Amino acid sequence: MLNIVLVEPLIPQNTGNIARTCAATGARLHLIEPLGFDISEKAVKRAGLDYWHLVDLHVWPDLPALFEACHPENLWLATAKAAQSYTDPAVSFKGDCWLFFGKETDGLSEEFRQAYAHRCIRIPIRSEARCLNLSNSVAILAYEALRQNGFPGLSAQGTMARTP
């Protein structure tokens, strides 16, 4: 099972896009508080998120609560500061994979990155660019993890491939 973890996300549109990716792929979405927006049922309906019922959503008060309850082992931290790319041969998203992403303004804390320095990965970008949008980064890494696992539970072909 693929697990997407957003640590203290701030921008509701990013989280909405990420939730849609999770709905489409069957990935679990974990949100670490504090959140920069409201995810109450009323707020979700008002935003027109008609796929929200497909999202396997878990909200945690902090990272220690998630680690205590779930014990993530195959975890990867997405950060522009990482030495290794997500495409490096040593990076394997096999099995019960956890992908951690930091808030839009600061990323993941230095303390967290240092604790898992060997599990930090980056998406290659131009040196002049600061970073990618959070929802784009999640989509790139989520689909790479799913690809490495054979896209479990996902439709392998579109309607054009079907014989009439």
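My aim in this report is to walk through the structure given alongside it, one point at a time.

So, how was this worked out
- Residues numbered from 1 in each chain as written.
- Predicted model: local features only at pLDDT ≥ 70, side-chain atom pairs only at ≥ 80, totals over all residues.
- Heavy atoms only, no water.
- Helix = DSSP H or I, 4+ residues; strand = E, 2+ residues; numbered from the N terminus.
- Expected span 1.5 Å × (residues − 1).
- Buried < 20%, exposed > 50% of the residue type's maximum accessible area, 1.4 Å probe, protein only.
- Contact = heavy atoms within 4.5 Å.
- Patch = residues over 30% accessible without salt bridge, like charges linked within 9 Å, V, L, I, M, F, W, Y side chains within 5 Å.
- Areas by Shrake-Rupley, 256 points an atom, 1.4 Å probe, with all protein chains shown as cover.
- Salt bridge = Lys/Arg side-chain N within 4 Å of Asp/Glu carboxyl O.
- Phe/Tyr/Trp six-rings, centres within 6.5 Å; stacked < 30°, edge-to-face > 60°.

**What to know about helix H5 (residues 134-148)**
Working step 1: Spanning 15 residues, H5 covers 21 Å between terminal C-alpha atoms, matching the ideal 21 Å at 1.5 Å per step.
Working step 2: Listed as buried for H5 are Leu 134, Ser 135, Ser 137, Val 138, Leu 141, Ala 142, Glu 144, Ala 145, Leu 146 and Gln 148.
Working step 3: Turning to H5, the residues buried within the fold contact strand E1 (2-7), helix H1 (12-25), strand E4 (74-78), strand E6 (97-101) and strand E7 (120-122).
Working step 4: Backbone geometry just downstream of H5 places Gly 150 in the positive-phi region, at approximately 80°.

**Brief notes about the environment of Ile 32**
Working step 1: The topology assignment puts Ile 32 in strand E2 (residues 28-32).
Working step 2: Overall, the relative accessible area of 2% leaves Ile 32 in the buried class.
Working step 3: A C-alpha to C-alpha distance of 6.5 Å links Ile 32 and Leu 63, two positions 31 residues apart in sequence.
Working step 4: Filtering out sequence-adjacent residues up to four positions away, Ile 32 remains in contact with Val 5, Leu 6, Val 7, Glu 8, Pro 9, Trp 60, Asp 62, Leu 63 and Leu 66.

**Topic: a nonpolar patch on the surface**
Working step 1: A grouping of Ile 125, Leu 132 and Ile 140 is seen on the molecular surface, where their side chains present a nonpolar patch of about 200 Å² in accessible area.
Working step 2: Tracing the backbone shows Leu 132 in the loop between E7 and H5.
Working step 3: Take Leu 132: its relative accessible area is 33%, and that puts it in the partly exposed class.

**Description of the pattern of salt bridges**
Working step 1: The tally for this structure, following the rule as stated, stands at five salt bridges.
Working step 2: With a shortest N-O distance of 3.1 Å, Lys 103 and Glu 8 are connected by a salt bridge. Taken as a pair, Lys 103 in the loop between E6 and helix H4 (110-115) and Glu 8 in the loop between E1 and H1 lie far apart in primary sequence, 95 residues in all.
Working step 3: The closest approach of N and O atoms between Arg 126 and Glu 128, which form a salt bridge, is 3.3 Å. Of the two residues, Arg 126 and Glu 128, both sit in the exposed class.
Working step 4: Linked by salt bridges that have partners in common, Glu 8, Lys 103 and Asp 106 make up one network.

**Remarks on the environment of Ile 140**
Working step 1: Note that Ile 140 resides in helix H5.
Working step 2: With 113 residues separating them along the chain, Ile 140 and Ala 27 place their C-alpha atoms 13 Å apart.
Working step 3: If sequence neighbours within four positions are ignored, Ile 140 has contacts with Tyr 86, Ile 123 and Leu 132.

**So, the packing of aromatic side chains**
Working step 1: Applying the stated criterion across every chain, the model contains seven aromatic pairs.
Working step 2: When the ring of Phe 67 is compared with that of Phe 112, the centres are 6.1 Å apart and the planes differ by 85°; the resulting orientation is edge-to-face. Taken together, the positions of Phe 67 in helix H3 (residues 63-70) and Phe 112 in helix H4 put the pair 45 residues apart, joining distant regions of the chain.
Working step 3: Look at Phe 67 and you get buried, because its relative accessible area is 18%.
Working step 4: For Phe 112, a relative accessible area of 9% gives the class buried.
Working step 5: Ring geometry for Trp 76 and Phe 93: centres 5.9 Å apart, planes at 70°, overall edge-to-face. You can see Trp 76 sitting in strand E4 and its partner Phe 93 sitting in the loop between strand E5 (84-85) and E6, a full 17 residues away along the chain.
Working step 6: Among the aromatic side chains, those forming a connected cluster through ring pairs are Phe 67, Phe 100, Phe 112 and Tyr 116.

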